Amino acid sequence: MDKKMILSGLQPSGIMTLGNYLGAVKNWVKLQNEYDCLFMIADMHALTVPQEPVNLRKRCYEVLALYMACGLDPEKSTLFFQSHVPQHAELSWALTCTTYMGELSRMTQFKDKSKNAKDTGVGVGLFVYPVLMAADILLYQANLVPVGADQKQHLEITRVLAERFNRLYGDVFTIPEPYIPEVGARIMSLQDPTKKMSKSDSNPNGYVSIVDEPEVIIRKLKRAVTDSDTRICRGEGKDGIENLMSIYSIMTDKTFEEIEREFEGKGYGDFKLAVGEAVAEGLRPIREKYNELMNNKDYLKEVYTKGAQRASRLASKTLRKVYRKLGFVDRT
Ligand code: TYM
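Residue numbers run consecutively from 1 along every chain, following the written order of its sequence. In view of the model being predicted, local features appear only for residues whose pLDDT reaches at least 70, and side-chain atom pairs are presented and counted only at 80 or more, with totals across whole chains, interfaces and linings using the full set of residues. Derived side-chain values reflect all non-hydrogen atoms in the structure, with water molecules and hydrogen atoms excluded from consideration.

Draft legend 1. Seen up close, the site of the ligand. Taken together, 28 residues are adjacent to the ligand, and Q11, Y129, D136, D150 and I187 come closest. In protein, a polar contact requires one atom able to donate a hydrogen and another able to accept it; more generally it is a pair of N or O atoms within 3.5 Å, and residues adjacent in sequence count only if both atoms are side-chain atoms. Residue G19 places a main-chain N or O atom 3.2 Å away from a nitrogen atom belonging to the ligand. Here a nitrogen atom of the ligand sits 2.6 Å away from a polar atom, N or O, in the side chain of D136. Here the ligand has 710 Å² of accessible area as a free molecule, and 97% of this is covered by the chains. Secondary structure elements follow DSSP: runs of H or I of four or more residues count as helices, runs of E of two or more count as strands, with numbering from the N terminus. Listing elements by their share of the shell around the ligand, those giving two or more residues are β1 (5–10), α1 (18–31) and α7 (124–139). In the shell around the ligand, the residues fall into 13 nonpolar, 10 polar and 5 charged. Residues are labelled near a given molecule or strand when at least one of their non-hydrogen atoms is within 4 Å of it. All accessible areas in this document rest on Shrake-Rupley with a 1.4 Å probe, and a residue is counted as covered only by the protein chains that are shown. Each residue is assigned to one class: nonpolar for Ala, Val, Leu, Ile, Met, Phe, Trp, Tyr, Cys and Pro, charged for Asp, Glu, Lys and Arg, and polar for all the others, Gly among them.

Draft legend 2. Region of interest: the pattern of salt bridges. A carboxyl oxygen of Asp or Glu within 4 Å of a side-chain nitrogen of Lys or Arg is what we treat as a salt bridge. Scanning all chains against the criterion turns up 15 salt bridges. Across the salt bridge formed by D36 and R310, the nearest N and O atoms sit 2.7 Å from each other. One end of the pair, D36, is in strand β2 (residues 36–41); the other, R310, is in helix α13 (residues 297–326), with 274 residues separating them in the sequence. When the shortest N-O distance is used, the salt bridge between E156 and K152 registers 3.7 Å. Taken together, the positions of E156 and K152, both in helix α8 (residues 152–169) and 4 residues apart, correspond to about one turn of that helix. Remark: exposure states derive from per-residue accessible area (1.4 Å probe, protein chains only) relative to the maximum for the residue type, with buried under 20%, exposed over 50%, and partly exposed in between. With relative accessibility at 42%, the residue E156 sits in the partly exposed group.

Draft legend 3. Here's a closer look at helix α9 (residues 214–222). Among all positions of α9, only P214, I217, I218, K220 and L221 are buried. Down the axis of α9, the sector holding all buried residues measures 165 degrees, keeping them to one side. Any two residues having at least one pair of non-hydrogen atoms within 4.5 Å are treated as being in contact. Against the buried residues of α9 lie α10 (239–252) and α12 (268–294). Throughout, the arc means that of the directions going from the helix axis to the C-beta atoms.

Draft legend 4. Representation of the environment of K195. By the element assignment, K195 lies in the loop between β5 (177–179) and α9. For K195, a relative accessible area of 44% corresponds to the partly exposed category. Ignoring anything within four residues of it in the chain, the contact list for K195 reads M188 and S189.

Draft legend 5. Fine view of a positive patch on the surface. A cluster of basic residues, K317, R320, K321 and K325, forms a positive patch on the protein surface. Here K325 lies in helix α13. In this scheme, patches are assembled from residues that exceed 30% relative accessible area and form no salt bridge. Like charges are connected within 9 Å, while nonpolar side chains (Val, Leu, Ile, Met, Phe, Trp, Tyr) are connected within 5 Å. Neither His nor the chain ends is counted toward charge; the positive residues are Lys and Arg and the negative residues Asp and Glu. The atom standing in for a charge is NZ when the residue is Lys, CZ when it is Arg, CG when it is Asp and CD when it is Glu.

Draft legend 6. Fine view of the packing of aromatic side chains. Aromatic contacts are taken between Phe, Tyr and Trp rings whose centres are within 6.5 Å, Trp giving its six-membered ring; a plane angle under 30 degrees counts as stacked, one over 60 as edge-to-face, and the others as tilted. A complete count under the given rule lists 12 aromatic pairs for this structure. The interplanar angle of 70 degrees and the centroid separation of 5.1 Å between the aromatic rings of F110 and F127 together place this pair among those described as edge-to-face. Of this pair, F110 sits in helix α6 (residues 108–116) while F127 sits in helix α7, and the two are 17 residues apart along the sequence. According to the relative accessible area criterion, F127 is buried, its value standing at 15%. Residues F263 and F271 carry aromatic rings whose centres are separated by 4.9 Å and whose planes lie at 65 degrees to one another, so their mutual orientation is edge-to-face.

Here is the structure:
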């Protein structure tokens, strides 16, 4: 039987963070053994906020190298740049025409991001962003979409758009399911544990970059904001500690109960140092592999070229069906 399909992606709008890794990419690495996986670098999504072209191009290479350094294997998974497969934009337009303004106005990420864009004006791209994301997923008839919790609403609208299209024009799209991890789906800022860790945080102490040096990682975790209590456990007002426990749990494969026992009677200082060391050690091989890959642009080029060829083949099959259903004349 054919393997089930997975599609996911990350925006190259900043360097990959520990949140991206624990909430998404680490799971992708596991899933690639069981599913037919496509992982893209969402460069077109990155344009929804202003980007310096030189930086964007650099980030695109970085994200591809990081995908592989984290363990995505181009022999198993299809790795590609979104902009190399024009069918994303084409399907996005078709879906835009069956999407309601009200549906997009309700997206919490749009509301948050448009607040920050008050000075520059709110771009239409930011508004229609979830439709492009739906196109990414539906083009490949993805069954499963592994993402962090912040993308859940975008997955819901993807399902709504797919069901609507199928109802209006006849069955074309597979209805995708989100795949959100139990621990790590929402890694919080180290400086404000009520906000998610984000690569666009203006304070670099709020996030750990996947390629931070070990001393930097340990320093950032030592400075992590916690609370005035002393116990290492979950509870009311203990968002900072719970966040560090989630990070430590994933990095060490220990349960929350094991962590509580390990640090019983110890202070926050000991705990934060242990989390810092676990993260620094866990990311060390990724950083080393990343540096190696960044020095081998020819190999990166080979990977993304092959990736786009396969992705285009799959995408054009779906788009052909969509265009026929919509009533466009077949291309000869
Ligand atoms: P992006 O680039 O914001 O994030 C990439 C992935 O990382 C997850 N993530 C987190 N997980 C846990 N804790 C955090 N603090 C954290 N921050 C980010 C995100 O949930 C995501 O899974 N729109 C997407 C990119 C995209 C996409 C797609 C994803 C474009 N097309 C199609 C899936 C399918 C985005 O902006 O992710």
